[in-house]
Each structure stands twice: as C-alpha cells, then as structure tokens.
Amino acid sequence: MILAAGPDLTALVKEDLVLKASPGEGNIKEATLAQTAAGDWRLFYEYAAQGASRIGMAGGPTPKGPWTVLPDPFGIRADSWDNWHLSTGPIWQGAGQDPVMFYNGATHDARWRIGWISFSPDFARVTGRGLEPLLVPPPAVTREATDIAFAASAVAAGNLIALYYSLEDRMLRRALIGRYGG
C-alpha cells in the first residue's frame with residue numbers, strides 16, 4: 001500500500017510504501033484508518049488470499065505508521081451472506097461507544113451486501129456483528145445483472161449515522177441508520 005499526499009486530489013504525489021503484503025497475500029487496497037481510545041492507530045485494508053478478499057489490520061503510532069501487521073480483525077462466516085469475500089468500509093466512532101465498521105461482504109458468486117461489526121475501543125476484539133446484511137440492493141432484473149451494494153463513507157447526522165454507499169458500482173445512495181445510546 002502506497003501513501004500519497006498533495007494539496008488536492010488532482011495533485012497527489014506518492015510518498016512512501018507503507019504496507020507490504022504478507023506472504024500468501026496480495027492486492028492490498030481499500031484502506032480505512034481509525035484511532036484507538038489510547039491514541040494509537042489501526043489501518044484496516046482489503047487483501048487477496050486463496051481466491052477471495054479478506055480484511056486485514058495493522059497497528060501504528062501515527063496515521064502514517066510505521067505499520068505492524070496484526071491478526072485479521074474478523075473472518076468470513078461459512079453459512080452466511082458474507083461467506084466468501086470481505087472488504088473494508090467506513091468506521092463510525094462515537095464518544096464512549098464501541099466503534100462500528102460498515103463492511104462489505106459477498107458470496108462466492110460476488111453478491112455484495114453491507115453489514116456491520118463493532119469493536120472494543122482498542123480494536124482488539126469484536127463486540128457485536130449483524131446476523132443479516134444491513135443493506136441489500138434492490139432485486140436484479142436478471143441473475144446475470146450486477147448485484148452490489150458497497151459502503152463508502154459514514155458521518156454523524158444528529159442521533160443518526162448517514163451511511164453513503166453505491167449500488168452496482170455506479171449509483172450513490174444514502175441510508176440514515178439509528179444508533180443506540182446516541
């Protein structure tokens with residue numbers, strides 16, 4: 001994974017290689033940064049392994065690292081909607097509440113859905129995970145049609161979370177999600 005910086009999106013310059021794929025892994029992408037309650041950082045990323053996408057995690061003292069690869073934060077579930085692919089999504093963090101990642105999961109035939117998972121404030125353990133997808137695209141007209149809902153970003157909207165996501169990799173949408181303790 002390469003860090004790039006610049007005054008705007010049209011003038012980014014590669015600065016540094018910040019994370020190299022571990023043996024047996026490849027295609028690192030889809031980075032999501034989060035700060036722990038202690039002030040250090042976690043870098044969540046998608047990587048390829050054994051023909052599927054997985055979510056990896058690295059820890060570091062600053063948003064630029066240096067990064068140390070940590071154990072994967074969670075895995076697939078064999079008999080579920082997220083049984084083959086996993087991809088990072090945005091993380092929502094509220095004061096005094098467990099951080100929540102809106103992640104992307106898919107079946108072997110690449111039917112992508114959006115789910116949620118919560119972590120302890122240090123991101124060392126999972127504290128909750130939805131059994132069913134949070135967002136599902138509308139029914140496809142044909143079985144061959146693109147069947148993808150993919151989380152993009154999340155921001156606070158009063159007592160709600162505004163989750164921005166794409167459908168079919170071409171239509172941007174927003175869902176307002178209620179949250180507990182808010």
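What counts, and at which threshold
- Residues numbered from 1 in each chain as written.
- Predicted model: local features only at pLDDT ≥ 70, side-chain atom pairs only at ≥ 80, totals over all residues.
- Heavy atoms only, no water.
- Helix = DSSP H or I, 4+ residues; strand = E, 2+ residues; numbered from the N terminus.
- Buried < 20%, exposed > 50% of the residue type's maximum accessible area, 1.4 Å probe, protein only.
- Polar contact = N/O pair within 3.5 Å; in protein donor to acceptor, adjacent residues only side chain to side chain.
- Contact = heavy atoms within 4.5 Å.
- Phe/Tyr/Trp six-rings, centres within 6.5 Å; stacked < 30°, edge-to-face > 60°.
- Pairing = 2+ DSSP bridges.
- Axes fitted to C-alpha atoms, helices over the stretch in contact; angles between N-to-C directions.

Caption draft 1: Structural detail: the environment of Gly-65. With respect to the helices and strands, the residue Gly-65 is situated in the loop between β5 (52–60) and β6 (68–70). Classification of Gly-65 as buried rests on a relative accessible area of 8%. In this structure the C-alpha to C-alpha distance between Gly-65 and Leu-172, which are 107 residues apart in sequence, comes to 31 Å.

Caption draft 2: Main features of the side chain of Ser-120. Summarising the element assignment, Ser-120 is placed in the loop between β10 (112–119) and β11 (126–129). Within the structure, Ser-120 has its side chain in polar contact with the side chain of Asp-122 (distance 2.5 Å). Of the polar contacts made by the side chain of Ser-120, one reaches the backbone nitrogen of Ala-124; its length is 3.3 Å. Discounting residues that sit within four places of it in the chain, Ser-120 has contacts with Asp-98, Pro-99, Arg-125 and Thr-127.

Caption draft 3: Expanded view of the packing of aromatic side chains. All told, the structure shown has 8 aromatic pairs when counted by the stated rule. Centre to centre, the rings of Trp-81 and Tyr-103 are 5.6 Å apart; their planes meet at 25°, and the pair counts as stacked. Of the two residues, Trp-81 sits in the loop between β6 and β7 (85–87) while Tyr-103 sits in strand β9 (residues 100–106), which places them 22 residues apart along the sequence. Classification of Trp-81 by relative accessible area gives buried; the value is 10%. Among the aromatic residues, those joined into a cluster by ring pairs are Phe-44, Phe-74, Trp-81, Tyr-103, Phe-119 and Phe-123.

Caption draft 4: Quick look at the sheet that holds strand β3 (residues 26–35). An order of β3-β4-β5-β6 is seen for the 4 strands of this open sheet, with the pairing classed as antiparallel. Since the sheet does not close on itself, it has two edges, and those belong to β3 and β6, each with one partner. For this sheet the average axis-to-axis angle between neighbouring strands, irrespective of direction, equals 35°. Where β5 lies against β6, 3 bridges are found, and the strand directions are antiparallel.

Caption draft 5: Quick look at the pairing of β10. Burial analysis of β10 places 7 of its 8 residues in the buried class, the great majority of the element. Pairing of β9 with β10, which is carried by 7 bridges, proceeds in the antiparallel orientation. Bridge pairing links Met-101 to Ile-117 in β10. Where β9 hands over to β10, the hairpin turn is made up of 5 residues, of which Ala-110 adopts a positive phi near 60°. Relative to β11, β10 runs antiparallel, the two sharing 3 bridges. Its bridge partner lying in β11, Ser-118 is registered against Gly-128. Counted between consecutive antiparallel strands, the loop separating β10 from β11 contains 6 residues, among which Phe-123 sits at a positive phi close to 60°.

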